[in-house]
Amino acid sequence: MTSPDNITMEPVISVAPMIDITNVLFRNFMRLLTRKTTLWTEMITTSEILNTPHLDRCLWNDPKEHPVVVQLGGNDPTLLGAAASLCELKGFDQINLNCGCPSNRVQDGKFGACLMLEPELVRDCCAEMKRRVQIPVTVKCRLGVDDHDSYENLENFISIVSSSGVNEFVVHARKAILSGLTPTQNRTIPKINYEFVYRLQERFPDFKFHINGEIATEKQGIGRHESIRQQVERGLGVMIGRVAYNYPWLFRNMDSMYYGVPDQGLNRREIILQYAEYCDRYLEESGSEWNKMVLAKPLMNLFYLERGNTRYRNELDRLSRNKETAHFSAVAEQIVDIMETVNPEALNQFDIEETGKI
Ligand SMILES: Cc1cc2nc3c(=O)[nH]c(=O)nc-3n(C[C@H](O)[C@H](O)[C@H](O)COP(=O)(O)O)c2cc1C
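Residues numbered from 1 in each chain as written. Predicted model: local features only at pLDDT ≥ 70, side-chain atom pairs only at ≥ 80, totals over all residues. Heavy atoms only, no water.

The name given to the chain in an unreviewed UniProt entry is tRNA-dihydrouridine synthase, with Blepharisma stoltei as the source organism. In its Sequence similarities (unreviewed entry) section, the UniProt record describing the chain reads: "Belongs to the dus family." Taken directly from UniProt, the Cofactor (unreviewed entry) text for the chain runs: "FMN". (UniProt positions renumbered as here; feature names shortened; annotations may be inferred.)

Sorry, what's going on with the state of the cysteines here?
Here, the word disulfide means a covalent bond between the sulfur atoms of two cysteines. Counted under the stated rule, the structure contains zero disulfides. Note on Cys58: no disulfide assigned, nearest cysteine sulfur contributed by Cys87 at a separation of 7.8 Å. For Cys58, a relative accessible area of 25% corresponds to the partly exposed category. Cys58 provides the cysteine sulfur closest to Cys279, a residue in no disulfide bond, and the two sulfurs are 19 Å apart. Overall, the relative accessible area of 0% leaves Cys279 in the buried class. (Disulfide = S-S within 2.5 Å. Buried < 20%, exposed > 50% of the residue type's maximum accessible area, 1.4 Å probe, protein only.)

Looking at this structure, how should I read the domain arrangement of the chain?
The accessible area lost on association of the parts is a frequent measure of interface size. As assigned here, the chain comprises domain 1 (13-258) and domain 2 (268-348). For domain 1 versus domain 2, the distance between C-alpha centres works out to 29 Å. In this complex, domain 1 contributes 20 residues to the contact, which on the side of domain 2 involves 22 residues. Roughly 2000 Å² of surface becomes buried between domain 1 and domain 2 when both sides are summed, with 68% attributable to carbon and sulfur atoms. (Domains from an automatic or database assignment. Contact = heavy atoms within 4.5 Å. Buried area = accessible area lost by both parts, 1.4 Å probe.)

What is the right way to look at the UniProt feature "active site" (unreviewed entry) in the chain in this model?
UniProt's entry tags Cys101 with the feature "active site" (unreviewed entry), counted in the numbering of this structure. Relative to the elements of secondary structure, Cys101 occurs in the loop between β4 (94-99) and α5 (104-108). Take Cys101: its relative accessible area is 17%, and that puts it in the buried class. For Cys101, the residues in contact, after removing those within four places along its chain, are Val106, Phe111, Gly112 and Ala113. (Helix = DSSP H or I, 4+ residues; strand = E, 2+ residues; numbered from the N terminus.)

How do you make sense of the packing of helix α6 (residues 119-132) against helix α7 (residues 151-162) when you look at a structure like this?
Axes are the key here: two packed helices are described by the angle between their axes and the distance separating the axes. Following both chains from N to C, one finds α6 and α7 inclined at 30°, their axes separated by 8 Å at the closest point. Between α6 and α7, the angle falls in the class roughly parallel. Both α6 and α7 take part in a crossing whose hand is right-handed. The segment α6 lies against α7, with Pro119, Glu120, Val122, Arg123 and Cys126 engaging Phe157, Ile160 and Val161. Grouping the amino acids of the contact of α6 with α7 by side-chain chemistry returns six nonpolar, no polar and two charged. (Axes fitted to C-alpha atoms, helices over the stretch in contact; angles between N-to-C directions. Parallel < 35°, antiparallel > 145°, perpendicular 65-115°, else oblique. Left-handed = near helix turned anticlockwise from the far one by under 90°. Nonpolar A, V, L, I, M, F, W, Y, C, P; charged D, E, K, R; others polar.)

Explain the sheet that holds strand β7 (residues 208-212) here, please?
Strand pairing within a sheet occurs via backbone hydrogen bonds; the two strands may be parallel or antiparallel. Within the open sheet, the eight strands sit side by side as β1-β8-β7-β6-β5-β4-β3-β2. Their pairing is parallel. In the strand order of this sheet, the two ends are held by β1 (13-15) and β2 (39-45), each with one partner. Geometrically, the sheet is characterised by an average inter-axis angle of 25° between neighbouring strands, direction not taken into account. Here β4 pairs with strand β5 (residues 137-141) via five bridges, running parallel. Across the sheet, the residue bridging to Leu97 is Val139, located in β5. Docked against the sheet, helix α8 (residues 194-203) engages β6 (168-172) and β7, running at close to 175° with respect to β7. (Pairing = 2+ DSSP bridges.)

What's the story with the layout of surface pockets in this structure? I'm lost.
It is the rolling of a water-molecule-sized probe over the atoms that shows where space remains empty. Reported here for the largest pocket is a volume of approximately 580 Å³. Lining the largest pocket are 27 residues, and of these Pro17, Met18, Ile19, Lys140 and Arg187 sit closest to its centre. Counting only elements with at least two residues in the lining of the largest pocket, the list comes to β5, β8 (237-240) and α10 (242-246). Considered class by class, the residues forming the lining of the largest pocket number 13 nonpolar, nine polar and five charged. Lining the second largest pocket we find 28 residues, and of these Asn23, Val24, Glu42, Cys58 and Trp290 sit closest to its centre. Only α1 (24-31), β2 and α3 (55-58) provide two or more residues apiece to the lining of the second largest pocket. Tallied by class, residues from the lining of the second largest pocket come to 16 nonpolar, five polar and seven charged. Here the lining of the second largest pocket gathers at least three residues from each of two domains, domain 1 (13-258) and domain 2 (268-348). (1 Å grid on protein atoms, 1.4 Å probe; cavity = no way out; pocket = protein on both sides within 12 Å on 5 of 7 lines; lining within 4 Å. Points joined across faces, edges and corners; volume = space filled by probe spheres on them.)

As structure tokens, this is what we get:
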């Protein structure tokens with residue numbers, strides 16, 4: 001794997017922060033597929049962290065989850081510093097500040113993507129977080145917002161923020177449009193432009209950049225690694241969002257492909273059963289009252305592209321709605337029995353030819 005001479009950091013593949021997806025359950029599920037990929041929390045706001053009566057549950061992470069990044073939402077240096085400090089105590093490996101979310105809720109709170117219009121404030125937030133913690137502080141941003149979308153604007157943002165000492169950035173390579181688009185539209189309508197990220201990388205050769213946005217999506221060939229590899233070969237970290245949720249099986253050989261270490265090698269049967277065991281233990285230890293449908297969510301796309309996928313999803317949904325099943329492990333055993341008759345190869349083998357191509 002080639003990389004620019006001045007960058008020696010190992011490639012970093014990461015699963016993007018996604019609200020209502022990358023919770024503690026999803027992260028532990030992903031760990032059964034890959035040991036090395038960096039995992040992220042959902043965005044957690046400073047007020048959630050500083051006001052919760054259940055801090056343990058709010059910042060729950062398990063030793064197996066590492067490396068794991070906590071993403072914070074907020075715009076007040078003091079509150080962010082306090083929240084970052086609690087996150088460090090709870091064992092996270094990195095603190096990230098969200099400067100990319102365009103939702104109305106986030107805009108009302110004046111954080112997320114609209115912070116790209118206030119680089120000096122982001123600098124101050126980062127400086128205070130860095131003062132409060134030993135672990136790295138990083139920023140996730142867009143290419144810009146609204147008509148503040150020139151390369152020069154982006155470079156200026158990075159330049160000002162980096163004067164806080166932050167030198168690692170995740171760039172979702174499209175701008176955010178702050179009015180008139182839903183968050184979902186804001187992840188599809190503004191055009192992807194990887195060139196700006198490549199230019200940043202040239203301009204700031206000592207910084208680490210992670211590129212994000214439609215890498216390994218359908219257009220680029222889901223289930224194939226060309227687009228990921230291309231970015232890694234440029235010395236960029238690669239962050240993958242929706243594909244990680246829609247096609248988690250893609251991650252089964254990330255460790256051998258990008259980190260040169262053996263893969264977990266678990267088949268889908270083992271993943272389902274071990275994940276369910278984790279869920280039952282987590283509920284008991286954390287006191288969380290998540291229902292079985294929430295527990296089933298990370299498993300929903302495990303047979304994507306495989307024969308029997310629709311049947312699997314329907315059966316998993318039906319089983320997890322059954323109020324008489326006490327433990328999620330019982331749901332897991334039943335779905336495994338069903339898939340044993342529907343598609344035993346996909347259930348029991350680690351490496352099989354992909355049956356579907358998009
Ligand atoms: C359901 C969902 C929730 C998201 N929540 C967050 C979030 O909490 N913080 C954040 O920085 N980005 C969030 N994102 C954006 C992703 O992190 C990522 O930047 C975006 O999906 C583009 O990457 P992709 O094309 O690989 O999906 C979310 C995306 C989705 C689909």
